[in-house]
Amino acid sequence: MRNDLVVRGLTASSGTQWVSVTKGENTGYVELKRCVGTAPGVVEHLAQQNVLLFGKDSSSNLTSRVEELEDFPRSAIAENIGWNGDIFALPNGNIFPKSDSVPMPISFLPDTGKCAKKGTKKAWKAEVAGGLIGQKIPTFVLASAFMPPLLNFIDRSINIGFEIVGGPGIGKTTVQQLAASALGCPTRNSGHPYSITMNTTMNGLEQIMRDHRDHLIILDETNLFFGEASKAARAGAFQTLAFKLGSGSEKERYNTPSEGDGHRFGFLISSNEPLSDLIGENSDSAKAASDRILTIPVPTERPHGVFDQIPSGISGSQFASKLVAAAEENHGFAIERYLENLTKERRADEPALRAKIDKRMELFREESGVDRNDGSAVRVADAFGLVYAAGMLAKEYGVLPKKMKCLSSALHCYRLNRLHSVPSKPFIERLRGVVNSDGVIHRTKQTSADTLAMASIIVSAKSGYDEIILKSQAMRDHFPDWAVIQKSREVKTLLDRDGQHLKKKRTVGPNARSMRVLCFKLPRLDDD
């Protein structure tokens, strides 16, 4: 009978008009504009939502019923994955905040395997996230999983993406899997993996972008992307990839404006060599691509690859395997707890939430020392600053451990990026820049022992030069390439060694104790 089919109109918060079609216990949704004329594909679209129309209930009958609709009242409906007004939808159809008394209908086709959960959130926080405390690059990569929902709160025209670059066997895939565990299944060994292999085609990229609105796209195995193509063809493919991911638009090309709004998301890829090098190191397009995909190089001199240290008694590969095994047994809980808190905070006071995010991004600008008159440089700093802000929110919501150092991790990765992207200055200029940064203690006779113990950078005036003392943390923060440059002639010229020791003893430790620190003799600039 005609009454077996219930057809209603509704208007989403975006202003889009929808048609709900109910048959039996199943309801499907289709945009009103798709129901015009012969409505091609509408019956098939409803069938994917388990609303099956046959014979008299076919598209012609449906079209006539739609034509009779007069009212399209405003109703709550999740039109897309990601943000829908002040509610957030995961790809699997879960809606946040969960506290809403009436289940919200969704108009997209959920991927029930995406964002899968296993184990417990307590075990994930302790064994996966907890295992990364003190690990700067892994901490930053993990925090990036919580960054994409915050893109909705800032003024930015291009998406934020990072590439972890380094040789094989350094843990690039491992940190991607650990980030994936915050969102869903980390590997194929434990179910439907959240990450996507790079053997996708350009034609499939549009669907991937649509399916990850306001989420992190994790692309692994870059070597599979156009792997059989010529060098020139592969370079062109990577260039196209960079601009499509950056804009979220299928039509974006270098030097061509995008048409309309693209999809908003974050992305994370790994590669043995920087994408800009694959495109062509000195080309304009490579430079433009580097603004869209920010490189975090893992220096070859790091003994443990992406990790800063390894627990005693096990190898680096054993440590990585232990973390991944814990992630395979416990995953998918972090993003749900994060979104539940984020959506509630947005509903309670969105201006205050925006102000909190802005304040943390501003703190990162200050700590990074970015040139605020350089718009491109600020955009790069803000990308890292937004990950810092996301990590801090995740800590605040109880998702990440309190001991995680989100700021120092983001600053470390930012400086690695700048060393890769910006032509290196002479060491003496870099050292002068450190001396002129905030937080430096200029030692006098009145400087207390406690002040010296707390300081990481100390300047002492000597006859004809300034002695610059840098403690270990300051060296790691300001000179992440120290292992590479420490034997260079320009460093040797300024370094004040103690015989065979690179470091000299100075009374700058706790309780006025002597400790070994790096000391440099920095000539004073002539006073004009």
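What comes next is a walk through the structure. All values reported here derive from a predicted model rather than from experimental measurement.

**A closer look at the side chain of Arg415**
Residue placement: Arg415 occurs in helix H13 (residues 406–421). Sequence-distant contacts of Arg415, defined by excluding residues within four places in its chain, comprise Glu367, Asp477, His478 and Pro480.

**Quick notes on helix H10 (residues 316–329)**
Between its first and last C-alpha, H10 extends 20 Å over 14 residues, near the 20 Å set by a 1.5 Å rise per residue. Along H10, the positions that sit buried rather than exposed are Phe319, Ala320, Leu323, Val324, Ala326, Ala327 and Glu328. Residues of H10 that are buried in the fold lie against helix H3 (121–129) and helix H5 (172–181).

**Brief notes about the sheet that holds strand E2 (residues 17–23)**
Strand order in the open sheet formed by three strands is E1-E2-E3, with antiparallel pairing between adjacent strands. Only two strands of the sheet have a single neighbouring strand rather than two, namely strand E1 (5–11) and strand E3 (26–31). Strand-to-strand twist in this sheet, taken as the mean axis angle between neighbours without regard to direction, amounts to 25 degrees. The pairing of E1 with E2 spans seven bridges and is antiparallel. Counted as the bridge partner of Val6 is Thr22 from E2.

**Digging into unusual backbone geometry**
Looking along the chain, the bond that leaves Phe96 and enters Pro97 is cis, with omega of 5 degrees. Note that Pro97 resides in the loop between strand E6 (95–96) and H3. With phi around 60 degrees, Asn511 is a residue other than glycine that occupies positive phi space. Assignment of secondary structure puts Asn511 in the loop between strand E15 (504–506) and strand E16 (515–523). Judged by relative accessible area, which is 68%, Asn511 ranks as exposed. One non-glycine residue, Ala512, lies in the positive phi region at around 60 degrees. Turning to its location among the elements, Ala512 is positioned in the loop between E15 and E16. By relative accessible area, which is 43% here, Ala512 ends up partly exposed.

Thresholds applied
- Residues numbered from 1 in each chain as written.
- Predicted model: local features only at pLDDT ≥ 70, side-chain atom pairs only at ≥ 80, totals over all residues.
- Heavy atoms only, no water.
- Helix = DSSP H or I, 4+ residues; strand = E, 2+ residues; numbered from the N terminus.
- Contact = heavy atoms within 4.5 Å.
- Expected span 1.5 Å × (residues − 1).
- Buried < 20%, exposed > 50% of the residue type's maximum accessible area, 1.4 Å probe, protein only.
- Pairing = 2+ DSSP bridges.
- Axes fitted to C-alpha atoms, helices over the stretch in contact; angles between N-to-C directions.

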